[in-house]
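Each chain, written out:
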Amino acid sequence: MEYRGYDSAGVAVLTQADGLVVERKAGRLANLVSALDDAGHGAFAGTAGMGHTRWATHGAPIDRNSHPHRDTAGRVAVVHNGIIENFAALRAELEDSGVELSSDTDTETAAHLIAREYDHGSTAGDLPASVRAVCRKLDGAFTLVVTHADQPDQVVAARRSSPLVVGVGEGETFVASDVAAFIEHTRDAVELGQDQLVVISRDGYDVTDFHGDPAHGKPFTVDWDLSAAEKGGHEYFMLKEIEEQPDALANTLRGHFRSGRIVLDEQRMSDQDLRDVDKVFVVACGSAYHSGLVAKYAIEHWCRLPVEVELASEFRYRDPVLDRDTLVVAVSQSGETADTLEAVRHAREQKARVLAVCNTNGAQIPRESDAVLYTHAGPEIGVASTKAFLAQVAANYLVGLALAQARGTKYPDEVAREFGELEAMPSAVAKVLATVGQVRDLGSRMADSRAVLFLGRHVGFPVALEGALKLKELAYMHAEGFAAGELKHGPIALIEDELPVVVVMPSPKGRAVLHAKMVSNISEIQARGARTIVIAEEGDERVRPFADELVEVPAVPTLLQPLVSTVPLQVLAAEIARSRGYDVDKPRNLAKSVTVE
Ligand code: AGP
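Residues numbered from 1 in each chain as written. Predicted model: local features only at pLDDT ≥ 70, side-chain atom pairs only at ≥ 80, totals over all residues. Heavy atoms only, no water.

Colleague: Tell me about the sheet that holds strand S9 (residues 173–176), and name the residues and values.
Modeller: Strand order across the open sheet formed by four strands is S9-S8-S10-S13, with antiparallel pairing between neighbours. Only two strands of the sheet have a single partner each, and these edge strands are S9 and strand S13 (218–221). Across the sheet, the axes of successive neighbouring strands diverge by a mean angle of 25°, strand direction being ignored. Strand direction decides the pairing type here: strand S8 (residues 165–168) and strand S10 (residues 188–191), joined by three bridges, are antiparallel. Opposite Val-165, over in S10, you have Glu-191 as the bridge partner. (Pairing = 2+ DSSP bridges. Helix = DSSP H or I, 4+ residues; strand = E, 2+ residues; numbered from the N terminus. Axes fitted to C-alpha atoms, helices over the stretch in contact; angles between N-to-C directions.)

Colleague: Describe the sheet that holds strand S5 (residues 76–84), with residues and values.
Modeller: Reading across from one edge, S4-S5-S6-S7-S11-S12 is the order of the six strands in this open sheet, with antiparallel pairing throughout. Unpaired on one side and paired on the other, strand S4 (69–70) and strand S12 (204–209) mark the two borders of the sheet.

Colleague: Account for the packing of helix H13 (residues 387–407) against helix H19 (residues 562–579), with residues named and values stated.
Modeller: Running from N to C, H13 and H19 cross one another at 165°; their axes reach a closest spacing of 10 Å. On the basis of their axis angle, the class for H13 and H19 is roughly antiparallel. The handedness of the crossing between H13 and H19 is right-handed. Between H13 and H19, the contacting residues are Phe-389, Leu-390, Val-393, Ala-394 and Tyr-397 on the first element and Pro-562, Leu-563, Thr-566, Val-567 and Gln-570 on the second. When grouped by side-chain class, the residues that make up the contact of H13 with H19 number eight nonpolar, two polar and no charged. (Parallel < 35°, antiparallel > 145°, perpendicular 65-115°, else oblique. Left-handed = near helix turned anticlockwise from the far one by under 90°. Contact = heavy atoms within 4.5 Å. Nonpolar A, V, L, I, M, F, W, Y, C, P; charged D, E, K, R; others polar.)

Colleague: How would you sum up the site of the ligand? Please name residues and give values.
Modeller: Close to the ligand lie 15 residues; Ser-332, Gln-333, Ser-334, Thr-337 and Glu-473 are nearest. At 2.5 Å, a side-chain N or O of Thr-337 approaches an oxygen atom of the ligand. Between the ligand and Val-383 there is a distance of 2.8 Å, counted from a nitrogen atom to a backbone nitrogen or oxygen. Across the complex, the protein chains shield 91% of the 410 Å² of accessible surface that the ligand would expose by itself. Elements with a contribution of two residues or more to the shell around the ligand: helix H9 (286–303) and helix H17 (460–475). Partitioned by chemical class, the residues of the shell around the ligand number five nonpolar, eight polar and two charged. (Near = heavy atom within 4 Å. Polar contact = N/O pair within 3.5 Å; in protein donor to acceptor, adjacent residues only side chain to side chain. Areas by Shrake-Rupley, 256 points an atom, 1.4 Å probe, with all protein chains shown as cover.)

Colleague: Account for the pairing of strand S22 (residues 451–456), with residues named and values stated.
Modeller: Where burial is concerned, most of S22 is hidden: six out of the six residues are buried. Going residue by residue along S22, you find Ala-451, Leu-453 and Leu-455 tucked away on one face and Val-452, Phe-454 and Gly-456 tucked away on the opposite face as well. The pairing of S22 with strand S23 (residues 478–483) spans six bridges and is parallel. In the strand pairing of S23, Val-452 is matched with Ala-479. Handedness of the β-α-β unit built from S22, H17 and S23 comes out right-handed. Bridging between S22 and strand S24 (residues 500–504) involves four bridges; their strand directions are parallel. Bridging across to S24, Phe-454 finds its partner in Val-502. (Buried < 20%, exposed > 50% of the residue type's maximum accessible area, 1.4 Å probe, protein only. Right-handed = clockwise from strand over helix to strand, strands pointing away.)

Colleague: Lay out the nonpolar core in plain terms, naming residues and giving numbers.
Modeller: Across soluble globular proteins, you tend to see nonpolar side chains buried next to one another. Val-280, Tyr-397, Leu-403, Phe-454 and Leu-471 are the most contacted members of the largest nonpolar core, which has 91 residues in total. No other element matches H13, which puts 13 residues into this core. Aside from chain neighbours lying at most four places away, what touches Val-280 is Leu-305, Pro-306, Val-307, Glu-308, Leu-327, Val-329 and Leu-403. Residues Val-76, Phe-87, Leu-90 and Ala-115 belong to the second largest nonpolar core, which totals 26 residues. (Core = buried A, V, L, I, M, F, W, Y, C linked by side-chain atoms within 4.5 Å.)

Colleague: Explain the packing of aromatic side chains to me, and be specific about the residues and the numbers.
Modeller: In total, this model carries six aromatic pairs according to the counting rule given. Centroid distance Phe-281 to Phe-315: 5.5 Å. Interplanar angle 65°. Geometry classified as edge-to-face. Within this pair, whereas Phe-281 is found in strand S17 (residues 279–284), its partner Phe-315 is found in helix H10 (residues 312–315), the two being separated by 34 residues in sequence. Neither Phe-281 nor Phe-315 differs from the other in exposure class; each is buried. The ring of Phe-237 has Lys-231 lying over it, and the distance from NZ or CZ to the ring centre is 5.3 Å. (Phe/Tyr/Trp six-rings, centres within 6.5 Å; stacked < 30°, edge-to-face > 60°. Lys NZ or Arg CZ within 6 Å of the ring centre and 35° of its normal.)

Colleague: Talk me through the packing of H17 against H19; I want residue IDs and the actual numbers.
Modeller: Across the interface, H17 lies against H19 with an axial gap of 9 Å and an inter-helix angle of 20°. Taken together, the axes of H17 and H19 lie roughly parallel to each other. The way H17 lies across H19 gives a crossing that is right-handed. Contacts from Val-463, Glu-466, Gly-467, Lys-470, Leu-471, Leu-474 and Ala-475 in H17 reach Pro-562, Ser-565, Thr-566, Leu-569, Ala-573, Ala-574, Ile-576 and Ala-577 in H19. Counted by class, the contact of H17 with H19 contains ten nonpolar, three polar and two charged residues.

Colleague: Can you tell me about the side chain of Thr-173, naming the residues and giving the values?
Modeller: Among the structural elements, Thr-173 can be located in strand S9. Overall, Thr-173 belongs to the buried group, its relative accessible area being 14%. Of the polar contacts made by the side chain of Thr-173, one reaches the backbone oxygen of Ser-201; its length is 2.7 Å. One polar contact links the side chain of Thr-173 to the main-chain amide nitrogen of Gly-204, over a distance of 3.5 Å.

Colleague: Tell me what's going on with the environment of Ser-334, and back it up with residues and numbers.
Modeller: In this structure, Ser-334 sits in the loop between strand S19 (326–332) and helix H11 (338–349). For Ser-334, a relative accessible area of 11% puts it in the buried group. Separated by 29 residues in sequence, Ser-334 and Ala-363 place their C-alpha atoms 7.2 Å apart. At a separation of 3.2 Å, a polar atom in the side chain of Ser-334 contacts the main-chain amide nitrogen of Glu-336.

Function-wise, these values are silent; they only describe arrangement.
The structure is reproduced here in structure tokens:
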């Protein structure tokens, strides 16, 4: 299960000898294993229990923030996957009632609340009912697994917008985020629905909704092996991560719009500081840099602020002009990229303020920033960035809205409307994923291409660059992205018979002039023999005659188009790489996090 995150790991076991025992360690699983070896495995002999590998969302990856979390009396143990959005209010309520919390996590609040219901509530002594009572109080996404020292034959689990499956064995029953956890013991599984709770024991399982009414999960048989199970049945993690993008977007947006306002995760700078910003730099590398190029269009349009997007490796060597009213947005999935980290340090030496957009809680870059907005894409195992990139694009829009909100260039109702449009994007991306079979087929036919060009205009230009990068790093194929308007200034000389050119079309409902110019660009290259692969908004009939291959994506607001038009390019690159027999997850010469300059 380490692929789901490895900031920490822990176990809780209901033992005959010592009741509920817990061991947890920050860092890799090996740290927990050695702690268990030191304690002696006999100390963890029991008939019910749970384990957890953590991908930190709230609270740095240190021992006291590691799961399982317990109540004060140490009789309730909880592990959790997801984000409890209203945990701050719940935490305050607990502290007001005299409860002392020992971690920075949202999970610990659940442990205390369940203990309070079990000890004093109307559901006293009834663990499933106590968990249901607490689930009804929680906002956000969560999978909770709960044990109680009084109930050695019971494990209770509940889910909302976060995965949970039941494994039905012989004289043993499992719950897990993923079948990978129990596939070596049983292939008989049960999928649980939204707002459902399951009680498991050695004899089986019982499902209810959060009000205690009987409910039914969906039985299925797992026909994957363990390795495939970790990849959700896909051949490669990257293919699974492409499929996870709707959730990555939804989880990144979740919790960042409260009481009608955009909220950051950490803000060590005042709203006045945000209002005083008179220039923005976005510094990043690779795909993160491309997400910054998208951000430029949104921030300049929404905030009327000048935005420069810089390769982090160039930024500090060109002696940029920075001061206290400069905001540097550092975008990094790993939060450890040396080029970006050094750019952050240079910016702070120049008194600029830094806002980190990062997918890794507690990483160096967010720690050295004045504000942080975490993407919640979950761990990305594939070296080529997919769900993390889309989450960065979405997070950068949130940064733009936070700036527009602080500066008043957008009224609160306008911010709310833009956020509402963002909230519709996970389902738009899901629609794209449902129709990419055509792109997979196209990719398998392009395996022998010598080179591919990518063209885009406006926010489609960064998408063209990202599509080219995916193809380079996955299929080791020469690929280049261009601003379509640049074609006539040289690159059009590259066009020859059958050369594949991917065109990212602007929306026909956006800037009409951009659409018209792109149509003429396509006819220019088609006249010179190019094979045009056009990514266009569904129903864009004007471009159809010029597309040798037409890939349609849902109609979305102009500035948000990268969220849908990038996905076919990810799939195309992965399919070409697969057809070439390459390792899609571990491309040659590359590393997931480049911690050297
Ligand atoms: C993208 O597919 C690459 N893996 C690479 O360009 C990556 O985006 C870049 O190295 C930045 O990494 P970071 O987001 O962790 O800083």
